[in-house]
Each structure stands twice: as C-alpha cells, then as structure tokens.
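Residue strings, one per chain:
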Amino acid sequence: MPPATNPFVWTLPAPLVEALEPHGARRSFAAGAVVHAAGSRSTAIFQVRAGRVRLERVTASGRPLTLTLLYPGSWFGDLGCLVDRPRTDDAIAETAVEVRQVSRETFERVLERRPALMRALLAELAGRLLLVLERFEEANVTELPARMAARLLAMQAVHDQHEAPGSALPLTQQRLADMVGVTRENAARVLAQWRRRGWVRSQRGSLTVIAPKALAALARSG
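Note that the coordinates shown come from a computational prediction; the quantities given were computed from them, not determined experimentally.

Draft legend 1. Region of the structure containing the packing of helix α5 (residues 144–162) against helix α6 (residues 173–180). In the contact formed by α5 and α6, the axes pass within 10 Å of each other and the chain directions differ by 105°. As summarised for this structure, α5 and α6 are arranged roughly perpendicular, according to the angle between their axes. Judged by residue contacts, Leu-144, Arg-147, Met-148, Arg-151 and Leu-152 of α5 engage Leu-176, Met-179 and Val-180 from α6. Looking at the contact of α5 with α6, its residues break down into six nonpolar, no polar and two charged.

Okay, here's the thing in structure tokens:
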C-alpha cells in the first residue's frame, strides 16, 4: 500500500527492493529493544520482516511521542542515510522484531549503479512528503472525529494483513492522540462517544473497531 494512502507502511520502489534483496543481514530484537536511537549516526537502512517497530520522539518535556507504527514490509532509516544526518527519532521494537539491515554503503552503491532506482526512490519520498502535507492540512480543516476515524481505519487495514482480521489494535488513548496530533483528553472524549454508540471497544492498551462502516462514513464526512 503506497505511503500516500497509509502512514503505517513506508515502502521503497519494488525494483529497489529487488536490487537490495541479496544484501544485508537479518537481525532480531526483543520487545522494547532499540533498533536505532535518536542522535546516532545513520549507518544503515532497515526493513521490518516480522513484528512491529515504533517510531517515537521525546518532547521538550521529556514525554515519548509516538509518530507511527511500522508493520512487516516497511522500510525505515533511509532518509538519514540519504542526507548523511543523525537519526531524528528512536526506532523501538514494539514486539519481538526481525529486521533486515542494509549498510549505508551498500544502499548508496546500489543507487549509484542504477540511476533509475534513485529517480524511483525520489518519487517514493515525494509521496511521503505529500502524506505529511495532507496530515498538516487535515489538522487545520478536518474535524477531529473524522481525522481519528481515518487514522484508525488506516491502521486497521494494515493490521488485518498481519493479524487476525478485526483483532484489537495496539493503541492506547495517548498513542492515538499522538498520531492524530491532539491532547489525550480530546481523543478520550471522542472515543467515549464512539464507545457509547458501540463503534469501538477499548481494553487496557488496545482498541477494537466494532463498526468500521460507521467510522468510514465519519471519515468521509470530515
């Protein structure tokens, strides 16, 4: 699923993925382990092969802010390698995780040998930028319930590809609030309304979508 439609899958162009396939090493991380840390050198790119990776950033007040969750098939760490800058966020194993790690040198060598792959990568990165701009626009013109509904459904679509369809999402109220860019209190008020309507069910550390059609209609109305 392209990044312009779902923020939980960050892809690379298929020809580039194919070119990278013979390279890299598989690494395993226990739940809670740091795959890469903010401020560290960008020495490799990673592909999630199993499990989930959480990208987060620490706010000025010291609170971890969840940016997104990445599911199998997603790549991350490529921007830091391309611009030769330190990591801007922490990548943490949300569950037990297996990743494929490709060194920055190998990544650059593959791109240098096949310029068409660089052009395809730039198009992919432009898609991610458009996604960011879309989220910024949504935050200014779209009502909060519609934004939350769209984000929940986007996550559910990817989650269902790797877990039992319709199973609980690994979301707390705070995490969902972070992903939509609002306070926990505002997100909690919307979720409370949805629970009363029977649209969602919340458990400790998770959220289950009960009425996807109702949420989809709300997302379209935003």
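Draft legend 2. Spatial organisation of a nonpolar patch on the surface. Taken together, the side chains of Leu-79, Leu-82, Val-83, Met-118 and Leu-122 present a nonpolar region at the surface, about 410 Å² in accessible area. Here the element with the most residues in the nonpolar patch is helix α2 (residues 78–83); it accounts for three residues. Looking at where Met-118 falls in the secondary structure, it is placed in helix α4 (residues 115–141). Since its relative accessible area comes to 30%, Met-118 is described here as partly exposed.

Draft legend 3. Region of interest: the sheet that holds strand β3 (residues 44–50). An order of β1-β8-β3-β6 is seen for the four strands of this open sheet, with the pairing classed as antiparallel. Edge positions in the open sheet fall to β1 (25–29) and β6 (75–76), since each of these has one partner strand only. The sheet contact formed by β3 and strand β8 (residues 97–103) spans six bridges and is antiparallel. Looking at β8, one finds that Ala-50 is bridged to Glu-98.

Draft legend 4. Highlighting the packing of aromatic side chains. One pass over the structure, following the stated rule, counts two aromatic pairs. Judged by centre distance (5.2 Å) and plane angle (15°), the rings of Phe-46 and Phe-76 are stacked. A residue pair is termed long-range when its members are at least 10 positions apart, and Phe-46 in strand β3 and Phe-76 in strand β6 qualify at 30 residues. Taken individually, Phe-46 and Phe-76 each receive the classification buried, so the pair is uniform in this respect. Relative to Trp-199, the ring of Trp-194 lies with its centre 6.4 Å away and its plane at 40°, an arrangement referred to as tilted. For Trp-194, a relative accessible area of 1% puts it in the buried group. Exposure remark for Trp-199: the relative accessible area of 17% places this residue in the buried category.

Draft legend 5. Examining the nonpolar core more closely. Counting residues in hydrophobic clusters, the biggest one holds 28 residues, and the most contacted among them are Phe-8, Met-148, Leu-152, Leu-171, Leu-176, Trp-194 and Leu-215. Breaking this core down by element, the ones donating at least two residues are α5, α6, α7 (184–197), β10 (206–209) and α8 (212–221). The leading source of residues in this core is α5, at seven residues. Residue contacts for Leu-176: discarding those within four places in its chain leaves Met-148, Arg-151, Leu-152, Leu-171, Leu-191 and Leu-207. Of all hydrophobic cores here, the second largest spans 15 residues; its members include Ala-19, Cys-81, Phe-107 and Val-110.

Draft legend 6. Fine view of the pattern of salt bridges. If you walk through the whole model with that rule in mind, you get 10 salt bridges. Salt-bridge contacts for Glu-98 lead to Arg-26; the nearest nitrogen and oxygen are separated by 2.8 Å. Remark: Arg-26 occurs in strand β1 and Glu-98 occurs in strand β8; sequence separation between them is 72 residues. Assessed through its relative accessible area of 25%, Glu-98 is described here as partly exposed. Judged by relative accessible area, Arg-26 falls into the exposed class, the value being 54%. Note that Arg-57 is salt-bridged to Asp-89, the shortest N-O span being 3.6 Å.

What counts and how
Residues numbered from 1 in each chain as written. Predicted model: local features only at pLDDT ≥ 70, side-chain atom pairs only at ≥ 80, totals over all residues. Heavy atoms only, no water. Axes fitted to C-alpha atoms, helices over the stretch in contact; angles between N-to-C directions. Helix = DSSP H or I, 4+ residues; strand = E, 2+ residues; numbered from the N terminus. Parallel < 35°, antiparallel > 145°, perpendicular 65-115°, else oblique. Contact = heavy atoms within 4.5 Å. Nonpolar A, V, L, I, M, F, W, Y, C, P; charged D, E, K, R; others polar. Patch = residues over 30% accessible without salt bridge, like charges linked within 9 Å, V, L, I, M, F, W, Y side chains within 5 Å. Areas by Shrake-Rupley, 256 points an atom, 1.4 Å probe, with all protein chains shown as cover. Salt bridge = Lys/Arg side-chain N within 4 Å of Asp/Glu carboxyl O. Buried < 20%, exposed > 50% of the residue type's maximum accessible area, 1.4 Å probe, protein only. Pairing = 2+ DSSP bridges. Phe/Tyr/Trp six-rings, centres within 6.5 Å; stacked < 30°, edge-to-face > 60°. Core = buried A, V, L, I, M, F, W, Y, C linked by side-chain atoms within 4.5 Å.

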